[in-house]
Amino acid sequence: MDDIANELGISKKTIYSHFSTKSKLVEASTFHFLSQMSCGVENIVSQEKNAIVELFDIKNFAMKNLKDNKSSPQFQLKKYYPKVYNLVQKNHLQIMEGFVLANLEKGIKNGIYRENISLDFMSKIYFVGMLGIKDEYHFPVDKYSQHELLEHFLEYHLRAIVTEKGLKTLNTLLNHPHLNN
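Residues numbered from 1 in each chain as written. Predicted model: local features only at pLDDT ≥ 70, side-chain atom pairs only at ≥ 80, totals over all residues. Heavy atoms only, no water.

Participant: Mind showing me how you'd approach the pattern of salt bridges here?
Facilitator: Working definition: two side chains of opposite charge can pair if their charged atoms are close together. In the structure shown here, the tally under the stated rule is seven salt bridges. A salt bridge links E151 to K59; the shortest N-O distance between them is 2.6 Å. With a gap of 92 residues between them, E151 in helix 8 (residues 146-161) and K59 in helix 4 (residues 51-65) connect regions that are remote in the sequence. The closest approach of N and O atoms between K124 and D120, which form a salt bridge, is 3.1 Å. Taken together, the positions of K124 and D120, both in helix 7 (residues 119-132) and four residues apart, correspond to about one turn of that helix. On the accessibility criterion, K124 (38% relative accessible area) is partly exposed. For D120, a relative accessible area of 48% gives the class partly exposed. Among the charged side chains, a salt-bridge network with shared partners connects E97, D120 and K124. (Salt bridge = Lys/Arg side-chain N within 4 Å of Asp/Glu carboxyl O. Helix = DSSP H or I, 4+ residues; strand = E, 2+ residues; numbered from the N terminus. Buried < 20%, exposed > 50% of the residue type's maximum accessible area, 1.4 Å probe, protein only.)

Participant: Mind showing me how you'd approach the nonpolar core here?
Facilitator: The biggest cluster of nonpolar side chains holds 24 residues, and the ones touching the most others in it are I52, F56, L104, Y113, Y126, L158 and I161. In terms of residue count, the dominant contributor to this core is helix 8 (six residues). Excluding residues that lie within four positions of it along the chain, Y126 makes contacts with L55, V100, F153, L154 and H157. Within the second largest apolar cluster, seven residues are counted, among which are Y81, V84, Y85 and V88. (Core = buried A, V, L, I, M, F, W, Y, C linked by side-chain atoms within 4.5 Å. Contact = heavy atoms within 4.5 Å.)

Participant: Help me out: how do you make sense of the packing of aromatic side chains in this one?
Facilitator: Two descriptors summarise a pair of aromatic rings, namely the distance from one centre to the other and the angle between the planes of the rings. Enumeration according to the criterion identifies two aromatic pairs in this entry. When the ring of Y126 is compared with that of F153, the centres are 5.4 Å apart and the planes differ by 45°; the resulting orientation is tilted. In this pair, Y126 sits in helix 7 while F153 sits in helix 8, placing the two residues 27 residues apart along the sequence. On the basis of relative accessible area, F153 is assigned to the buried category, the value being 11%. Between the aromatic rings of F139 and Y144, the centroid separation amounts to 5.4 Å while the plane-to-plane angle is 75°, which identifies the pairing as edge-to-face. Using a relative accessible area of 27% as the deciding quantity, one classes F139 as partly exposed. For Y144, a relative accessible area of 24% translates into the label partly exposed. (Phe/Tyr/Trp six-rings, centres within 6.5 Å; stacked < 30°, edge-to-face > 60°.)

Participant: Could you clarify how one ought to interpret the environment of L77 in this entry?
Facilitator: Examined against the element boundaries, L77 turns out to sit in helix 5 (residues 73-80). In this structure, the C-alpha to C-alpha distance between L77 and V88, residues 11 residues apart in sequence, is 9.6 Å. Those residues in contact with L77 that lie beyond four places of it in its chain are V26, T30, P82, V84, Y85 and V88.

Participant: Would you explain the packing of helix 6 (residues 82-109) against helix 7 in this entry?
Facilitator: A packed helix pair is summarised by two numbers, namely the angle formed by the two axes and the spacing between the axes. The contact between helix 6 and helix 7 brings their axes to 9 Å, and the two run at 130°. Judged by the angle between their axes, helix 6 and helix 7 are oblique. At the point where helix 6 passes helix 7, the crossing takes the right-handed sense. For the pair formed by helix 6 and helix 7, the contact residues are Q89, H92, L93, M96, E97, V100, L101, L104, E105 and I108 on the first element and L119, M122, S123, K124, Y126, F127 and L131 on the second. The class makeup of the residues in the contact of helix 6 with helix 7 is 11 nonpolar, three polar and three charged. (Axes fitted to C-alpha atoms, helices over the stretch in contact; angles between N-to-C directions. Parallel < 35°, antiparallel > 145°, perpendicular 65-115°, else oblique. Left-handed = near helix turned anticlockwise from the far one by under 90°. Nonpolar A, V, L, I, M, F, W, Y, C, P; charged D, E, K, R; others polar.)

As structure tokens, this is what we get:
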């Protein structure tokens, strides 16, 4: 709190007049960050690109805004503020499920995702998979970079749902990385 007060040029008392505890400040900051991330994703979605390109754009946006080591906000939040972390995870699940569901529907409509996939299952399994690759026991940060994990997971997910038409788009993006940056 001293560092925050010094950085802002205010007293700790002023901070505590807005946030009764450090946990409340962490919670507000975290939800503000989550809101900014959601707005960034909404901006990408509003560009109405191909559903596969859209997922790569979202992945790239996330990589620009998330750190790749133990100083990451998510790691710190989980370690020091588990209650806030769990609250954020629940909120994040609802938001991301909506985005993933809309992406799946768009991809099916445009013939790049298979028509016979279960939308509910795929939207949930995508989110669970994203949480799974953040499991440091199975994917230690000293062995796997967040970028590498997201790249592999996205390819894994898409290969499970694309049509032949979608596979052409996916292969183009994978074989020409400059197109998905």
